[in-house]
Structure formats: C-alpha cells, structure tokens
Amino acid sequence: MCAVITPEILMMHNLLTTRRYSELLDYCSSILGKDPLNLEALKYNVYSFYFLRRYEKAVLCYDKLIKLEPGNPSHYAGKSKALEKLHKFAEAKACYEQA
C-alpha cells in the first residue's frame, strides 16, 4: 500500500529535514489537535521530540504509535533508542528484541 503524499506530509518533511524541530512540534500539534490518531503527525512528532532531546516525550509518543501499529518494528526500534538515551538499558533491550 502506497501512502498518499499530502501537503501536510510535505510540510512536516520539510520542517524535519531543515531541522526546524520546534516548528515541527507546533505543526504536528495543530494536526493532532484535530485528528489525534493521525499516524504521520505522530511519527513526525516523535522525531521532533527525539531530535530536541526530549526523550521521555519521545517514549510516550512511541507508545501511542505502538498501540496504533503494533506490528511496525520501527516503532519498537525508535523507542529502544530513546530509552537508551535515558539510560534505561533493560527496557531498551526489551523493545529492541520486539523490533
């Protein structure tokens, strides 16, 4: 299945690739305020948290993504990396093993 590239996805991608992480968080928040289950906004939101070194928030966001897409190994891998940054190595290993 191919994802549809919307203007919102293009904007989020542009903000991410230009390292405008705070703006990306604001943009994702506006989307998630209207559609809290928007997978693309959640994914870009978690990238922002990670790159802003807000690892606790990234972990919580990965938890939402895992609930929505439990079969997606990239969510477990990303959560594992954020947990490593928090020095929660046992939890990180458990997530990595699920990836």
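Right above here is the structure, for reference.
Reading guide: rules and limits
Residues numbered from 1 in each chain as written. Predicted model: local features only at pLDDT ≥ 70, side-chain atom pairs only at ≥ 80, totals over all residues. Heavy atoms only, no water. Helix = DSSP H or I, 4+ residues; strand = E, 2+ residues; numbered from the N terminus. Rg over C-alpha atoms; globule rule 2.2 N^0.38 Å. Buried < 20%, exposed > 50% of the residue type's maximum accessible area, 1.4 Å probe, protein only. Contact = heavy atoms within 4.5 Å. Lys, Arg positive; Asp, Glu negative; His and termini not counted. Charge placed at Lys NZ, Arg CZ, Asp CG, Glu CD. Polar contact = N/O pair within 3.5 Å; in protein donor to acceptor, adjacent residues only side chain to side chain.

**Student:** If you had to explain the overall build of the protein chain to someone new, which residues and values would you point to?
**Tutor:** If you tally the helices and strands in the protein chain, you get six helices and zero strands. Across the protein chain, helices and strands are ordered from the amino to the carboxyl terminus as α-α-α-α-α-α. On C-alpha atoms alone, the protein chain measures out to a radius of gyration of 13 Å, which is about the 13 Å that the 2.2 N^0.38 rule sets for 99 residues. The buried share among the 99 residues of the protein chain stands at 36%. For the protein chain, the share of sequence-separated contacts (at least 6 apart) that also reach a separation of at least 24 residues comes to 35%. With 14 positive and 11 negative side-chain charges, the protein chain shows a separation of 4 Å between the mean positions of the two kinds.

**Student:** Pulling in residues and values, what's your account of the environment of Thr-17?
**Tutor:** Note on placement: Thr-17 falls in helix H1 (residues 7-17). Residue Thr-17 is classed as partly exposed on the basis of its relative accessible area of 48%. There is a polar contact of 3.3 Å between the side chain of Thr-17 and the backbone oxygen of Asn-14.

**Student:** Can you explain unusual backbone geometry? Please cite residues and give values.
**Tutor:** Here the phi dihedral of Arg-19 falls at roughly 60°; this positive angle occurs in a residue that is not glycine. When you line up the elements, Arg-19 lands in the loop between H1 and helix H2 (21-34). Owing to a relative accessible area of 66%, Arg-19 belongs among the exposed residues under this scheme. Phi at His-87 is positive, roughly 60°, even though this residue is not glycine. Along the chain, His-87 turns up in the loop between helix H5 (73-85) and helix H6 (89-98). We classify His-87 as exposed; its relative accessible area is 61%.

Limitation: the analysis is restricted to geometry and does not speak to function.
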